[in-house]
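# Architecture at a glance
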Amino acid sequence: MSSSQRSGRHQAKPDGKGLHPKNLHKQGYDFTSLIKSHPALTPYVKANAYGNLSIEFADPKAVKLLNAALLKHYYGIVGWDIPEGALCPPIPGRADYIHHVAELFGELEPFANQASTQTGITLLDIGTGANGIYPILACQMYGWHCVGSDISAQSLENVARIITNNPILKDRFTLRMQSDRHKIFDGIIREGEFFDVSVCNPPFHASQNEALKSSQLKLKNLARNRGETKPGAASQALNFGGQEAELWCKGGEQMFLKKMIKESQLFAAQCRWFTSLVSKAENVKPSTKLMRKLGATEVREIEMRQGQKVTRILAWTFA
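Fair warning: this is a prediction, and the values are worked out from it, not measured in the lab.

Rules used in this analysis
- Residues numbered from 1 in each chain as written.
- Predicted model: local features only at pLDDT ≥ 70, side-chain atom pairs only at ≥ 80, totals over all residues.
- Heavy atoms only, no water.
- Pairing = 2+ DSSP bridges.
- Helix = DSSP H or I, 4+ residues; strand = E, 2+ residues; numbered from the N terminus.
- Axes fitted to C-alpha atoms, helices over the stretch in contact; angles between N-to-C directions.
- Contact = heavy atoms within 4.5 Å.
- Parallel < 35°, antiparallel > 145°, perpendicular 65-115°, else oblique.
- Left-handed = near helix turned anticlockwise from the far one by under 90°.
- Nonpolar A, V, L, I, M, F, W, Y, C, P; charged D, E, K, R; others polar.
- Buried < 20%, exposed > 50% of the residue type's maximum accessible area, 1.4 Å probe, protein only.
- Right-handed = clockwise from strand over helix to strand, strands pointing away.

What follows is about the sheet that holds strand β8 (residues 298-306). Pairing is mixed in the open sheet, where seven strands are placed in the order β5-β4-β3-β6-β7-β9-β8. Among the strands making up the open sheet, the edge pair consists of β5 (173-177) and β8. Each strand axis lies, on average, 20° off the axis of its neighbour in the sheet, ignoring direction. By the bridge criterion, five bridges tie strand β3 (residues 122-126) to strand β4 (residues 145-150) in an arrangement that is parallel. Each bridged residue has a counterpart across the sheet, and for Asp-125 the counterpart in β4 is Gly-148. Here helix α6 (residues 153-165) sits on the sheet in contact with β4 and β5, set at roughly 165° to β5.

This is the structure in structure tokens:
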């Protein structure tokens, strides 16, 4: 066992921008190529104050079109779309999560835009949302078989449309409705079924008001980076979207993690690795303490960086 594993931290060496070495986006956005792949993005790409092509990241439509262009250009996904107001995840960071999860199973080579290779690994995405991003990336990058669960029928209907638009996903990505919003794995993992890994982007906030304040702070930071003194009218919106259950829940991230960890013990024999994003550093210690108390045989804290942003993945197993 390596020293990094003994310490509970496991981390691939990042490049200068902090993204995983295998991340296709570690050199930034190639807007010229993205426009060719997805012309609808064209009106939203302009030179910024430094003379570089960029988009207005405070504009939800621009961010959504950027995602659609990235998924088409790098991962061969067409017709990706989400309803207005739904969470629009940043693709580079979501790809990083999947690359780090892949390292839990050893060195696996990604193969974007191919569907012929199958590794046999199965992934469960808890709260796949209307975007279905983790299973989409896992299918296209590593050829995994994925199940996406959610408490929202509307979200699952949207992901179903994305799968229909992309036959390459049909036999790899299936959807399940969680009928009890108080359950996480129960009602989703079936008797006799086994998953290699579960992933989750939990609700970070305890209320809608808290989520709005966080988004407004993000927009102010974006405006400051552009040299503006005010973020403008767009500050009243969530630029990356997000609805109830996607961004907030009772008790916030800490309570959700506690519930997930406790329920994971009940499915210890049916999932090899449980993982979750953790946005707030103060939630790491109590979470890892609970995992060990419940009998986890290994716990890993994986740090991810994208520019100045730092987030973490917690991974635990009872195997």
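This is not the end of the story, as more comes after the structure.
Between helix α8 (residues 252-266) and helix α9 (residues 284-293), the shortest axis-to-axis distance is 10 Å and the interhelical angle comes to 15°. Considering the angle they form, α8 stands roughly parallel to α9. Our pair here, α8 against α9, has a crossing hand that is right-handed. Residues Gln-254, Leu-257, Lys-258, Ile-261 and Lys-262 of α8 form the contact with α9, whose own contacting residues are Pro-286, Ser-287, Leu-290 and Met-291. Of the residues contributing to the contact of α8 with α9, the split by class is five nonpolar, two polar and two charged.

Burial analysis of β3 places four of its five residues in the buried class, the great majority of the element. Once you follow β3 into helix α5 (residues 133-142) and on to β4, the crossover reads as right-handed. In the sheet, β3 pairs with strand β6 (residues 195-200) via four bridges, with the strands oriented parallel. Paired with Ile-126 across the strands is Cys-200, a residue of β6.

Everything listed is a geometric property; what it means functionally is a separate question.
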